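# Examining the three-dimensional arrangement
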Amino acid sequence: MNNLLHIQNLKTSFRIGDHYYAAVDDVSLDINKNEIIAIVGESGCGKSALAFSIMGLHDPKWSRVDGHIFFKNYDLANIPNENLNHLRGSDLGMIFQDPLAALNPLMIVGAQIDETLLLHTKMSKEQRTARVIELLDAVGIPNPSRVYSQYPHELSGGMRQRIVIATAIANNPSFLIADEPTTALDVTIQAQILELLKELKEKMDAGVMLITHDLGVVAEVADRVAVMYAGQIIEIAPVEELFANPKHPYTRSLLESVPSVSNKQERLHSIQGIVPPLQSLPRIGCRFKARIPWIPDEAHEENPILHEVNQGHFVRCTCYREFYFSNVKRGRI
Ligand SMILES: Nc1ncnc2c1ncn2[C@@H]1O[C@H](COP(=O)(O)OP(=O)(O)OP(=O)(O)O)[C@@H](O)[C@H]1O
């Protein structure tokens, strides 16, 4: 079977004052082996809240996770912390956005990677050192033996991100989350890191969840794309299908906002309004409705569900059938 992780009706809520508000609201999603699934959406749509729920990183004092996350023989949303601790760093890996925050500034990088091997394997010190060197080499670090003994501040941003990746993949995780792994890097390093992610999924048959704002990155590496808006998946499709045939008004607007060589004379499209804060997210009806006020009410569904419009291509709410850009009438598009 190809399925690796099965998320079912996941709801992640944060406590604000006396109430809980869902940042991830009834998300169901399958992630397969040997697949990179990109999660896209504006800031505040719930991408990181989803990733942190899978890794069990939310503070239970301030949050609540309901639903199921089936992975191997576990339900990650409902297992004791010690089991999750064991899985994190072995079968589950996470690459964080900011390599400086993820690394210990007082420890040489080799020792940091070694620590995860020490925690999760029975390797001897010699075996671990050899494995760390092998990992440094695998993530494209030149002169791994020298870099082993360097501190994070002695390395460039791209090198530090590679160290974070080497740590995340040290124990060959079968599922890896990469949260904006290339945001802080220049484009050449970005391309190398993306190449590395592709290699990982192929060589280790891993499933990768890639969280990004960058649709160029998505086009480059993803196999499937899930578009999130206001805590929900509003469209999901294989990558070529999503770019060729976007349906949901939000997805179309996101794609329309990307600069391209062919439309560089035109003003870039901007999506009207903002993602509302958690406390004021619309909870009934189409959550995107307020940002497309020119679309008639009747076009929206009362309880929007995901409709399969093509094989493996799902879109939420019937408004996609009636959608046009507000300036179409003025003849700009
Ligand atoms: N610990 C928290 N307590 C309260 N609200 C939170 C907490 N973490 C996130 N939120 C809120 O949950 C919503 C989703 O946040 P999240 O960080 O998942 O968005 P995101 O799509 O990952 O954004 P970005 O792309 O900026 O990382 C936002 O409204 C955010 O303010």
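Data block above holds the structure.
The present account deals with the structure reproduced in this document. (Residues numbered from 1 in each chain as written. Predicted model: local features only at pLDDT ≥ 70, side-chain atom pairs only at ≥ 80, totals over all residues.)

### A short note on helix H7 (residues 157-169)
Between its first and last C-alpha atoms H7 spans 18 Å; for 13 residues at 1.5 Å apiece the expected length is 18 Å, and the two agree. Along H7, 11 of the 13 residues are buried, which leaves the element largely enclosed by surrounding structure. Restricting attention to buried positions, one finds in H7 the residues Met 159, Arg 160, Gln 161, Arg 162, Ile 163, Val 164, Ile 165, Ala 166, Thr 167, Ala 168 and Ile 169. Those residues of H7 that are buried are in contact with strand E6 (92-95), helix H3 (99-102), helix H4 (109-120), helix H5 (125-138), strand E7 (175-179) and helix H8 (187-204). (Helix = DSSP H or I, 4+ residues; strand = E, 2+ residues; numbered from the N terminus. Expected span 1.5 Å × (residues − 1). Buried ≥ 20, exposed ≤ 12 C-beta atoms within 10 Å, placed from the backbone. Contact = placed C-beta atoms within 7 Å.)

### Thoughts on the pairing of strand E10 (residues 232-238)
Counting buried residues in E10 gives six out of seven residues, a clear majority hidden from the surface. Pairing between strand E9 (residues 224-229) and E10: six bridges, direction antiparallel. Paired with Arg 224 across the bridge in E10 is Pro 238. In this structure, the hairpin formed by E9 and E10 is closed by a connection of two residues, where Ala 230 is found at a positive phi of approximately 50°. (Pairing = 2+ DSSP bridges.)

### Description of unusual backbone geometry
Among all residues except glycine, the phi angle is most often negative; among peptide bonds, the trans geometry is most common. Not every positive phi belongs to a glycine, and Lys 72 is a case in point at roughly 55°. Along the chain, the position of Lys 72 falls in the loop between strand E4 (63-71) and strand E5 (74-75). Overall, Lys 72 belongs to the exposed group, with 12 C-beta atoms counted inside 10 Å. Phi at Asn 143 takes a positive value of approximately 55°, unusual for a residue other than glycine. For Asn 143, the location among the structural elements is in the loop between H5 and helix H6 (144-148).

### Side note on the environment of Gln 311
You can see Gln 311 is positioned in the loop between strand E11 (306-310) and strand E12 (313-316). For the pair Gln 311 and Glu 298, spaced 13 residues apart in the sequence, the C-alpha separation amounts to 27 Å.

### Regarding the site of the ligand
Around the ligand lies a shell of 14 residues, among which Phe 14, Ala 23, Ser 43, Ser 48 and Ala 49 are the nearest. Breaking the shell around the ligand down by element, the ones donating at least two residues are strand E1 (3-16) and helix H1 (47-55). Of the residues forming the shell around the ligand, the biggest block, three residues, is contributed by H1. (Near = placed C-beta within 6 Å.)

### What to know about the nonpolar core
Formed by 86 residues in total, the largest nonpolar core has its most connected members in Leu 176, Leu 210, Val 225 and Val 227. Not counting chain neighbours up to four residues away, the residues in contact with Val 225 comprise Ala 38, Val 40, Val 218, Ile 236, Ala 237, Val 239 and Leu 242. (Core = buried A, V, L, I, M, F, W, Y, C linked by C-beta atoms within 7 Å.)

### A look at H4
Under the 1.5 Å per step criterion, the end-to-end length of H4 is 18 Å for 12 residues, consistent within 8% with the ideal 16 Å. Those residues of H4 lying buried are Val 109, Gly 110, Gln 112, Ile 113, Asp 114, Thr 116 and Leu 117. As for H4, its buried residues are in contact with H5, H6 and H7.

### What about the sheet that holds E5?
Strand order in the open sheet made by the four strands is E2-E1-E4-E5, with antiparallel pairing throughout. Taken across any chain shown, the strands that pair with only one partner, and hence form the sheet edges, are strand E2 (19-32) and E5. Bridge count between E4 and E5: two bridges; the pairing is antiparallel. Its bridge partner lying in E5, Phe 70 is registered against Asp 75. The sheet contacts of H1 involve E1, E2 and E4, and relative to E2 the element is tilted by about 75°. (Axes fitted to C-alpha atoms, helices over the stretch in contact; angles between N-to-C directions.)

### So, the environment of Glu 35
Residue placement: Glu 35 occurs in strand E3 (residues 35-40). On the basis of neighbour counts, which here come to 19 C-beta atoms within 10 Å, the residue Glu 35 falls in the partly exposed class. C-alpha separation for the pair Glu 35 and Val 217, spaced 182 residues apart in sequence, amounts to 15 Å. Excluding anything up to four places from it in sequence, Glu 35 contacts Lys 201, Gly 207, Asp 223 and Arg 224.

### Here we look at the sheet that holds strand E8 (residues 207-211)
If you trace the eight strands from one edge of the open sheet to the other, you get E6-E7-E8-E3-E9-E10-E12-E11, paired in mixed fashion. Looking along the sheet, the strands with just one partner apiece sit at the ends: E6 and E11. Taking the axes of each pair of neighbouring strands and ignoring which way they run, one obtains an average angle of 20° across the sheet. Of the pairings in the sheet, the one linking E11 to E12 comprises four bridges and is antiparallel in character. For Glu 308, the partnering residue across the bridge sits in E12 and is Phe 314. This element, H1, spans E3, E6, E7, E8 and E9 of the sheet and lies at about 150° to E7. Each of E6 and E7 is contacted by H7, which is oriented at about 170° to E6, the strand it contacts most.

The analysis is restricted to geometry; functional conclusions fall outside its scope.
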